[in-house]
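Chain residues, written in single-letter form:
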Amino acid sequence: SAVISQKPSRDICQRGTSLTIQCQVDSQVTMMFWYRQQPGQSLTLIATANQGSEATYESGFVIDKFPISRPNLTFSTLTVSNMSPEDSSIYLCSAGQLLNTDTQYFGPGTRLTVL
Amino acid sequence: QQQVKQSPQSLIVQKGGISIINCAYENTAFDYFPWYQQFPGKGPALLIAIRPDVSEKKEGRFTISFNKSAKQFSLHIMDSQPGDSATYFCAAKDSGAGSYQLTFGKGTKLSVIP
């Protein structure tokens, strides 16, 4: 299995600012994903982080609001830009391993509160 | 459109009892069905998964039952323990579409009382 870490684990931010969340995987993985989970709710896929190319965004999510980088096979960042209280949520990174892309492992999440 | 419907939303089970969580899907192209367990403040952890070529898969106290014709699958937790108290999510994936996207149910909050 892949071990995934995220930084920061939580943050409280002011409206209008931006926060960058880092995701590190302990082994090379084919796919990396970013999800949003609002309190007590299910997981919604924001985008697939592609190495060396632009991320693939799901309906309702745009690059200007959630820019994503993936410079190599083990690291990705998600930025939440120009934040509003509606962005308060848990942001989760997940990854699929090279030889078994069906299985996705999740990081511990970043709990974001926007005031 | 929610493609995976999960029930119940919450479940209270006595210690030693059987916990049953159900999911139904619409997309017949789905061919991979994992269950995730999430404790408060933690990320979801893969618990067990099944493919449509089998009707049941068991790992320890956890069993997935799969009914392809009914497009339903369920998680059974035998001899439920207070440590099993968590939120459980079912999910589904269409491996053949070249997509890696998991579609999640809305989750079931399980409470196992002593």
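Please refer to the structure placed before this passage.
Just so you know, these numbers come straight off a predicted model, no measurement behind them.

### Considerations on the overall build of chain B
Helices and strands together make up the secondary structure of chain B, namely zero helices and eleven strands. Ordering the α and β elements of chain B from the N terminus gives β-β-β-β-β-β-β-β-β-β-β. Taken against the 2.2 N^0.38 rule, which gives 13 Å for 114 residues, the C-alpha radius of gyration of chain B at 14 Å falls within 12% of a compact globule. Each principal axis of the C-alpha distribution contributes one length, and for chain B these read about 45 × 30 × 20 Å. With 114 residues in all, chain B has 43% of them scored as buried. The long-range share in chain B, meaning contacts at least 24 apart out of those at least 6 apart in sequence, stands at 53%. For chain B, the accessible area works out to roughly 5,600 Å², and carbon and sulfur atoms hold 49% of it. One finds the centroid of the 12 positive side-chain charges in chain B at a distance of 6 Å from the centroid of its 8 negative side-chain charges.

### Brief notes about the packing of aromatic side chains
Tallied over the entire structure, the rule returns 16 aromatic pairs over all chains. A centroid spacing of 5.3 Å and a plane angle of 55° characterise the contact between A:Tyr35 and A:Phe106, whose relative ring orientation is tilted. With a gap of 71 residues between them, A:Tyr35 in strand E4 (residues 29-37) and A:Phe106 in strand E10 (residues 100-106) connect regions that are remote in the sequence. The pair A:Tyr35 / A:Phe106 is uniform in exposure class, with both members buried. Among the aromatic residues, those joined into a ring-pair cluster are B:Tyr25, B:Phe30, B:Phe33, B:Trp35, B:Phe66 and B:Phe73.

### Considerations on the sheet that holds strand E1 (residues 4-7) of chain A
Two strands in a sheet stick together by hydrogen bonds in their backbones, pointing the same way (parallel) or opposite ways (antiparallel). Residues and elements named next belong to chain A. Strand order in this open sheet of four strands is E1-E3-E8-E7, and the pairing throughout is antiparallel. At either margin of the open sheet sits one strand with a lone partner, and together these are E1 and strand E7 (68-72). Adjacent strand axes in the sheet meet at a mean angle of 15°, parallel and antiparallel pairs treated alike.

Cut-offs applied
Residues numbered from 1 in each chain as written. Chains lettered and ligands numbered in written order. Predicted model: local features only at pLDDT ≥ 70, side-chain atom pairs only at ≥ 80, totals over all residues. Heavy atoms only, no water. Helix = DSSP H or I, 4+ residues; strand = E, 2+ residues; numbered from the N terminus. Rg over C-alpha atoms; globule rule 2.2 N^0.38 Å. Buried < 20%, exposed > 50% of the residue type's maximum accessible area, 1.4 Å probe, protein only. Contact = heavy atoms within 4.5 Å. Areas by Shrake-Rupley, 256 points an atom, 1.4 Å probe, with all protein chains shown as cover. Lys, Arg positive; Asp, Glu negative; His and termini not counted. Charge placed at Lys NZ, Arg CZ, Asp CG, Glu CD. Phe/Tyr/Trp six-rings, centres within 6.5 Å; stacked < 30°, edge-to-face > 60°. Pairing = 2+ DSSP bridges. Axes fitted to C-alpha atoms, helices over the stretch in contact; angles between N-to-C directions.

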